[in-house]
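Chain and residue survey
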Amino acid sequence: MFRNIDGMQQWQLEMELSHLIGWLIASRHSAEAAEESARQHRTAEKETLAQISKVRQRLGLPDSEIGHDSVPSDQEGG
């Protein structure tokens, strides 16, 4: 079951294993944080779209979808 390895090889393999496990844990935490951030951004987007809809109604404008193309960028002078 176990290969016949000397102490130095075993130490190196244990260090590599420890590093890989640490990387895996850090990666999982990072992914969880990114998912939470994305959820927060989606919630904020929904709230902003609701506010936009209310303002448009108050202005007497029709309620329409707002896509990425509809929002002027700073570079376009908007």
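Basis of the calculations
Residues numbered from 1 in each chain as written. Predicted model: local features only at pLDDT ≥ 70, side-chain atom pairs only at ≥ 80, totals over all residues. Heavy atoms only, no water. Helix = DSSP H or I, 4+ residues; strand = E, 2+ residues; numbered from the N terminus. Buried < 20%, exposed > 50% of the residue type's maximum accessible area, 1.4 Å probe, protein only. Patch = residues over 30% accessible without salt bridge, like charges linked within 9 Å, V, L, I, M, F, W, Y side chains within 5 Å. Areas by Shrake-Rupley, 256 points an atom, 1.4 Å probe, with all protein chains shown as cover. Salt bridge = Lys/Arg side-chain N within 4 Å of Asp/Glu carboxyl O. Expected span 1.5 Å × (residues − 1). Polar contact = N/O pair within 3.5 Å; in protein donor to acceptor, adjacent residues only side chain to side chain.

Looking at the environment of I52
With respect to the helices, strands and loops of the structure, I52 is situated in helix α1 (residues 7-59). Overall, I52 belongs to the partly exposed group, its relative accessible area being 30%. For the pair I52 and D63, spaced 11 residues apart in sequence, the C-alpha to C-alpha distance is 8.8 Å.

Some remarks on a nonpolar patch on the surface
Together, M8, W11 and M15 make up an exposed nonpolar region whose accessible area comes to about 360 Å². Relative to the helices and strands, W11 resides in helix α1.

Quick notes on α1
Compared with the 78 Å implied by 1.5 Å per residue over 53 residues, the 77 Å span of α1 between its first and last C-alpha is a close match. Structurally, the start of α1 carries an N-cap: the backbone nitrogen of M8 is 3.1 Å from a side-chain oxygen of D6. Where α1 terminates, the next one or two residues include G60, which has phi positive at roughly 80 degrees.

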